[in-house]
Amino acid sequence: KTDGPFYVNSETHLGDITDGTSNTIALSESILGESGQQTRDPQTNYKFTFAAPLSDFACRIAPGWNYADPRGFSWANGEYRNGLYNHYLAPNSKTHDCISALLGGGPDVIYTPYGWKTARSLHVGGVNALRADGSLTFIGQEIDMDVWRAMSTRAGREAVTSSF
């Protein structure tokens, strides 16, 4: 189970964000990919692998690129290829996002995509992010990764002590 406020089939309530709503990012910008575009640009395309569990090595050697279903191809579908993202990679990372899917299990999990998809924008130097308290903030892409990851949890008890 994930530790952020939103995930597939989430039933998170505001009271579940015990790290504090001003210390927790609820959502961020994402760039839409272009269908049929066959570039290997980390801003618009992602790698696909069937590795489970996902690892840096599996993503690095993943042979597949998803050109048919680009980033955000169905924004209303709340899964990682579309509306979800996480804080595994830094904002606007030069590393490609990496998505996988479960091939087994029951109907509630089979083919459910998961992976590492970060916040991306066309802004120079970072992304806009909405905190769970409703405030909007610009997060620089050089943010300390411990702070970036701490801001992604709802109840991790990490201290968010750095400015960004």
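Residues numbered from 1 in each chain as written. Predicted model: local features only at pLDDT ≥ 70, side-chain atom pairs only at ≥ 80, totals over all residues. Heavy atoms only, no water.

Looking now at the overall build of the chain. Along the backbone of the chain there are 2 helices and 7 strands. Counted from the first residue to the last, the chain has its helices and strands arranged as β-β-α-β-β-β-β-β-α. A compact globule built from 164 residues should have a C-alpha radius of gyration of about 15 Å, and the chain, at 16 Å, falls within 12% of that. Overall size of the chain, expressed as C-alpha extent along the three principal axes, is 40 × 40 × 30 Å. Per-residue burial over the chain gives 44% buried out of 164 residues. Considering only intrachain contacts with a sequence separation of at least 6, the fraction spanning at least 24 residues in the chain is 64%. (Helix = DSSP H or I, 4+ residues; strand = E, 2+ residues; numbered from the N terminus. Rg over C-alpha atoms; globule rule 2.2 N^0.38 Å. Buried < 20%, exposed > 50% of the residue type's maximum accessible area, 1.4 Å probe, protein only. Contact = heavy atoms within 4.5 Å.)

Bringing the environment of Arg60 into the picture now. Looking at the element boundaries, Arg60 is found in helix α1 (residues 56-61). Look at Arg60 and you get exposed, because its relative accessible area is 56%. Along the primary structure Arg60 and Lys47 are separated by 13 residues, whereas in three dimensions their C-alpha atoms are 8.7 Å apart.

This next bit is on the sheet that holds strand β6 (residues 126-131). Sheet strands pair by backbone hydrogen bonding; their relative direction is either parallel or antiparallel. The strand order β1-β6-β7 describes an open sheet built from 3 strands, whose pairing is antiparallel. Of all the strands in the sheet, the pair left with one neighbour each is β1 (25-28) and β7 (136-140). Strand after strand, the sheet turns through a mean of 40° between neighbouring axes, direction not considered. Here β1 pairs with β6 via 3 bridges, running antiparallel. When the sheet's bridge partners are listed, Ile25 is paired in β6 with Arg131. (Pairing = 2+ DSSP bridges. Axes fitted to C-alpha atoms, helices over the stretch in contact; angles between N-to-C directions.)

Look at Asn92: it is not a glycine, yet its phi comes out positive at around 55°. By secondary structure assignment, the location of Asn92 is in the loop between β3 (64-65) and β4 (97-101). For Asn92, a relative accessible area of 9% translates into the label buried.

To continue, consider the pattern of salt bridges. Summed over the entire model, instances satisfying the criterion amount to 2 salt bridges. The partner of Asp97 in a salt bridge is Arg71, and the shortest N-O contact between them spans 2.1 Å. A residue pair is termed long-range when its members are at least 10 positions apart, and Asp97 in strand β4 and Arg71 in the loop between β3 and β4 qualify at 26 residues. The same class applies to Asp97 and to Arg71, which are both buried. (Salt bridge = Lys/Arg side-chain N within 4 Å of Asp/Glu carboxyl O.)

Taken across its 5 residues, β4 has 5 buried, putting it largely inside the fold. The side-chain alternation of β4 yields two buried faces, one formed by Asp97, Ile99 and Ala101 and the other by Cys98 and Ser100. As paired elements, strand β2 (residues 46-48) and β4 share 3 bridges and run parallel to each other. Bridge pairing in β4 links Tyr46 to Asp97.

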